[in-house]
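Okay, here's what each chain looks like letter by letter:
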Amino acid sequence: MANTLQSKKRARQTLRRTDVNKARRSRIRTYLRKVEEAIASGNADAARDALKAAQPELMRGVTKGVVHKNTAARKISRLSARVKALSAA
């Protein structure tokens, strides 16, 4: 339990930041799920559009410190390869 004023304030701040980060992470996952669903449906145009919408959202997560830079790059790379393969087929 927090005892000093500073540690009490820090505990409050942590709760607020946790809620914000949770919302951001959830938003990113939603965008990624839309891309996955578009790929699964086989619709290349919808998948391309969903990926275009998901990329800035993922990178925003990087700048806000919710997602690591390499994780975001890996996800974008793998999804774009799958979308490209869908378009070619």
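Preceding this paragraph is the structure being described.
In this text the structure is predicted, and so the values were computed from the model without any measurement. (Residues numbered from 1 in each chain as written. Predicted model: local features only at pLDDT ≥ 70, side-chain atom pairs only at ≥ 80, totals over all residues. Heavy atoms only, no water.)

Draft legend 1. Focus on helix H3 (residues 69-88). With 20 residues, H3 should cover 28 Å at 1.5 Å per step; its first-to-last C-alpha distance of 28 Å lies within 8% of that length. Within the sequence span of H3, burial applies to Ala72, Ile76, Leu79 and Val83. One side of H3 holds all its buried residues, which, seen down the axis, span an arc of 75°. In H3, the exposed positions angled more than 90 degrees off the buried face are occupied by Asn70, Arg78, Lys84 and Ala88. (Helix = DSSP H or I, 4+ residues; strand = E, 2+ residues; numbered from the N terminus. Expected span 1.5 Å × (residues − 1). Buried < 20%, exposed > 50% of the residue type's maximum accessible area, 1.4 Å probe, protein only. Arc of directions from axis to C-beta.)

Draft legend 2. The pattern of salt bridges, seen in detail. Applying the stated criterion across every chain, the model contains 5 salt bridges. Linking glutamate 37 and arginine 33 is a salt bridge whose minimum nitrogen-to-oxygen distance equals 3.6 Å. With glutamate 37 and arginine 33 both in helix H1 (residues 5-41), this residue pair falls 4 residues apart, about one helical turn. Given a relative accessible area of 48%, glutamate 37 falls into the partly exposed group. Salt bridges sharing partners connect three or more residues here, namely Arg27, Glu57 and Arg60. (Salt bridge = Lys/Arg side-chain N within 4 Å of Asp/Glu carboxyl O.)

Draft legend 3. Quick look at the nonpolar core. In terms of nonpolar packing, the biggest core is built from 17 residues, with Val35, Ile39, Leu58, Val67, Leu79 and Val83 touching the most fellow members. Taken together, the elements giving at least two residues each to this core come down to H1, helix H2 (44-63) and H3. Examining the composition of this core, we find that 6 residues originate from one element, H2, more than from any other. Beyond its immediate sequence surroundings of up to four residues, valine 83 is in contact with Val35, Ile39, Ala47, Arg48 and Leu51. (Core = buried A, V, L, I, M, F, W, Y, C linked by side-chain atoms within 4.5 Å. Contact = heavy atoms within 4.5 Å.)

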